[in-house]
Amino acid sequence: MIGNLLRVSEVELKSYIEDSSLLEKRIYKEYDENGIDDALIDLDKSWDAIAFILGDTSDEYLDQPLAKAIFGSHTLDENQDLGYGPARFVTTDEVKEIHNLLTQLSNEELRKRFNPQVFEEEEIYPSFWTQENEEEVWEYLSGNINLIRELYSVAAKNNNAVITFIN
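Here is what the cut-offs are and how they apply
Residues numbered from 1 in each chain as written. Predicted model: local features only at pLDDT ≥ 70, side-chain atom pairs only at ≥ 80, totals over all residues. Heavy atoms only, no water. Salt bridge = Lys/Arg side-chain N within 4 Å of Asp/Glu carboxyl O. Helix = DSSP H or I, 4+ residues; strand = E, 2+ residues; numbered from the N terminus. Buried < 20%, exposed > 50% of the residue type's maximum accessible area, 1.4 Å probe, protein only. Phe/Tyr/Trp six-rings, centres within 6.5 Å; stacked < 30°, edge-to-face > 60°. Contact = heavy atoms within 4.5 Å. Expected span 1.5 Å × (residues − 1). Polar contact = N/O pair within 3.5 Å; in protein donor to acceptor, adjacent residues only side chain to side chain. Core = buried A, V, L, I, M, F, W, Y, C linked by side-chain atoms within 4.5 Å. Axes fitted to C-alpha atoms, helices over the stretch in contact; angles between N-to-C directions. Parallel < 35°, antiparallel > 145°, perpendicular 65-115°, else oblique. Left-handed = near helix turned anticlockwise from the far one by under 90°. Nonpolar A, V, L, I, M, F, W, Y, C, P; charged D, E, K, R; others polar.

J.: Any chance you could explain the pattern of salt bridges here in plain terms?
T.: Inspection of every chain in the model, using the stated rule, returns six salt bridges. Here K68 makes a salt bridge to E97, at a shortest N to O gap of 3.5 Å. Placement of K68 in helix 4 (residues 67-71) and of E97 in helix 5 (residues 92-103) is noted, with a sequence separation of 29 residues between them. For K68, a relative accessible area of 18% corresponds to the buried category. Under the relative-accessibility criterion, E97 is labelled partly exposed at 36%. Ionic pairing is found between R113 and E109, a salt bridge with its closest N-O pair at 3.2 Å. Taken together, the residues R113 and E109, both in helix 6 (residues 107-113) and four residues apart, mark about one turn of the helix. In the salt-bridge network here, residues are joined through shared partners; they are R111, E134 and E135.

J.: Looking at this structure, I do not really get the packing of aromatic side chains. What am I missing?
T.: The tally for this structure, following the rule as stated, stands at five aromatic pairs. Where F52 meets F119, the ring centres are 5.2 Å apart and the plane angle is 90°; that geometry is what we call edge-to-face. With F52 in helix 3 (residues 47-54) and F119 in helix 7 (residues 116-121), this residue pair connects regions lying 67 residues apart in the sequence. As far as burial versus exposure is concerned, F52 and F119 are alike and both buried. By relative accessible area, F119 is classed as buried at 0%. Joined through ring pairs, the aromatic side chains of F52, F114, F119 and W138 make up one cluster.

J.: What should I look at first to understand the environment of F71 in this one?
T.: Structurally, F71 can be placed in helix 4. Filtering out sequence-adjacent residues up to four positions away, F71 remains in contact with W47, D48, A51, L62, R88, T164 and I166.

J.: Honestly, helix 8 (residues 134-157) in this entry has me stumped. Any pointers?
T.: Counting along an α-helix, one turn takes 3.6 residues, and residues three or four places apart therefore face a common direction. Taking 1.5 Å as the rise per residue, helix 8 with 24 residues should run 34 Å; its terminal C-alpha atoms sit 34 Å apart, in good agreement. Here helix 8 starts with a cap whose side-chain oxygen sits 3.0 Å from the backbone nitrogen of E135, and that cap is N133. Immediately beyond the C-terminal end of helix 8, within one or two residues, lies N159, with a positive phi of roughly 55°.

J.: Would you explain the nonpolar core in this entry?
T.: Grouped burial of nonpolar side chains is what soluble globular proteins tend to show. Core analysis: the largest hydrophobic core is formed by 36 residues, its most contacted members being F119, L141, I148 and Y152. Considering each element in turn, this core owes the most residues, nine residues, to helix 8. In terms of nonpolar packing, the next biggest core, distinct from the first, is built from 14 residues, L6, V8, F89 and F165 among them.

J.: What exactly am I supposed to notice about the packing of helix 5 against helix 8 here?
T.: How two helices pack is summed up by the angle between their axes together with the distance between the axes. Viewed as axis vectors pointing N to C, helix 5 and helix 8 meet at an angle of 135°, and their least axial separation amounts to 9 Å. Between helix 5 and helix 8, the angle falls in the class oblique. In the packing of helix 5 onto helix 8, the handedness of the crossing is left-handed. Of the residues in helix 8, those touching helix 5 at V95, K96, I98, H99, L102 and T103 are I148, R149, Y152, S153, A155 and A156. Tallied by class, residues from the contact of helix 5 with helix 8 come to seven nonpolar, three polar and two charged.

J.: Any chance you could explain unusual backbone geometry here in plain terms?
T.: Trans peptide bonds make up the majority, and among non-glycine residues the majority have a negative phi. Cis geometry marks the peptide bond from Y125 to P126; its omega dihedral reads 10°. Along the chain, the position of P126 falls in the loop between helix 7 and helix 8. In this structure, D44 is a non-glycine residue whose phi angle is positive, near 55°. Position of D44 relative to the elements: it lies in strand 2 (residues 40-44). The phi dihedral of E123 falls on the positive side, at around 55°, and the residue is not glycine.

What follows is the structure, encoded as structure tokens:
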């Protein structure tokens, strides 16, 4: 399961809501090395761990405001399945809220929340946390957190929405 975030204009979001097959065409388009969609980021398998960290490692982390950064808050099309369910999205106003919340959290604070043992106990996907080198795993997670920060920063500045999906 791979988590993905796609930065889109309000016009693009509206078109995808009206016809979700357009979104599928975009995200599954074959890009060559010169035509990479720079609005799309691949979080690999880090999405659940990042949501858990952003949710302050609470049992109810999915209900925390920053969970929307990973899981969206609105469903694009209930009947669409991009691999593990439909795409979800956050509006331009929600993007700004998420961006503001992300800027309030330092990487040092987020690092303090990373505890491989707790991740294993809470069954945070993908369940390899105690089997790998802790610093290497944190480097992997923090790299993806930085990608999320950058995407939401650019989205907030450009008045974009963000579509989230797992495939």
